[in-house]
Amino acid sequence: MKTKALVVFYPDCIEFEAILAAQVLHEENLTIDVATPDGVDYLGPSGIALRATHCYAEVHPEDYRVVIVPGGDTKSVLGNETLMGILQTAHASGAAFGAICAGPLLLARAGLLKGRRFTHGYGPDSPLPDWKDGKYEDQPVVVDGNIVTAKPQAYIDFAIEVLYAAGLRDTWTVESLQKAGKLPPDLPAEIEAVKAHYRAIWGSS
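Residues numbered from 1 in each chain as written. Predicted model: local features only at pLDDT ≥ 70, side-chain atom pairs only at ≥ 80, totals over all residues. Heavy atoms only, no water.

Student: Any details on the pattern of salt bridges? Residues and values, ideally.
Tutor: Under the definition given, this model contains twelve salt bridges. Residue Lys-195 pairs with Glu-192 through a salt bridge whose shortest N-O separation is 3.0 Å. One end of the pair is Lys-195 and the other is Glu-192, both in helix α6 (residues 187–202) and three residues apart, which spans about a single turn. One salt-bridge network, in which partners are shared between bridges, spans Arg-116, Arg-117, Glu-137 and Asp-144. (Salt bridge = Lys/Arg side-chain N within 4 Å of Asp/Glu carboxyl O. Helix = DSSP H or I, 4+ residues; strand = E, 2+ residues; numbered from the N terminus.)

Below you can see the structure in the form of structure tokens.
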């Protein structure tokens, strides 16, 4: 079983959109790797520096159970063939994906949204041709199999859906619900209960 998740950072991305997703995955014992184009630590718009573990060229995409792509200004990496190769190989190797805000544009450019349902932060009237091979849904979060996409304000629900799309579950929350006799009887209801737990901590999304 693969035990690693990859967070893809790029110049002018918005790191906070990926933080909760990375946190809940790490709490379920996945190692979180962070890749930047050149392997240099990422200084986000928050002013916080985040340590890079790899440059894109050093990534072995087949090693990852999950790939997370935050939003931001994607123009510097839309033509990055190494990044496109990472996304395509990870997909072919069975990884789950979480892309939020502008992040779905990178999945679309890599061909991962062909025939898939998705959402993004560009709005329903986005003229970008990259969307033409899939079906946009004007929803906060859209889950289509192994691919989770979201609008930026839905970062809480996004994080939990990514966790479950990877075949994991929030152990601590589930056990707490179970002890309290409040664990829902089916998986969709469980996911909603876990989202509600995190909304109570982080605020609504």
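Having seen the model, we can carry on.
Student: Can you explain the packing of helix α5 (residues 171–179) against α6? Please cite residues and give values.
Tutor: Packing of α5 against α6 leaves a shortest axis separation of 10 Å and a crossing angle of 105 degrees. With respect to α6, the element α5 is oriented roughly perpendicular. Counting all contacts with α5, which are made through Trp-172, Thr-173, Val-174 and Leu-177, the residues of α6 involved are Glu-190, Ala-193, Val-194, His-197 and Tyr-198. Class assignment of the residues belonging to the contact of α5 with α6 gives a composition of six nonpolar, two polar and one charged. (Axes fitted to C-alpha atoms, helices over the stretch in contact; angles between N-to-C directions. Parallel < 35°, antiparallel > 145°, perpendicular 65-115°, else oblique. Contact = heavy atoms within 4.5 Å. Nonpolar A, V, L, I, M, F, W, Y, C, P; charged D, E, K, R; others polar.)

Student: Requested: an account of the pairing of strand β2 (residues 31–36), with residues and values cited.
Tutor: The sheet contact formed by strand β1 (residues 4–8) and β2 spans five bridges and is parallel. Bridge pairing in β2 links Leu-6 to Asp-33. Each parallel crossover has a hand, and the one from β1 via helix α1 (residues 16–27) to β2 is right-handed. In this structure, β2 lies alongside strand β5 (residues 54–55), joined through two bridges in parallel fashion. Each residue of the ladder has a partner; that of Thr-36, found in β5, is Cys-55. (Pairing = 2+ DSSP bridges. Right-handed = clockwise from strand over helix to strand, strands pointing away.)

Student: Now, about α6: what can you tell me, with residues and values included?
Tutor: A rise of 1.5 Å per residue sets the reference length of α6, with its 16 residues, at 22 Å; its end C-alpha atoms lie 22 Å apart and thus fit the reference within 8%. When we look at burial in α6, the residues that qualify are Glu-190, Ile-191, Val-194, Lys-195 and Tyr-198. Projected down its long axis, α6 shows its buried positions confined to an angular sector of 140 degrees, all on one face. Looking at the buried residues of α6, the elements they touch are α1, α4 (155–165) and α5. With a side-chain oxygen lying 2.9 Å from the backbone nitrogen of Ala-189, the N-terminal cap of α6 falls on Asp-186. Just beyond α6, the residue with positive phi is Gly-203, at close to 100 degrees. (Expected span 1.5 Å × (residues − 1). Buried < 20%, exposed > 50% of the residue type's maximum accessible area, 1.4 Å probe, protein only. Arc of directions from axis to C-beta. Polar contact = N/O pair within 3.5 Å; in protein donor to acceptor, adjacent residues only side chain to side chain.)

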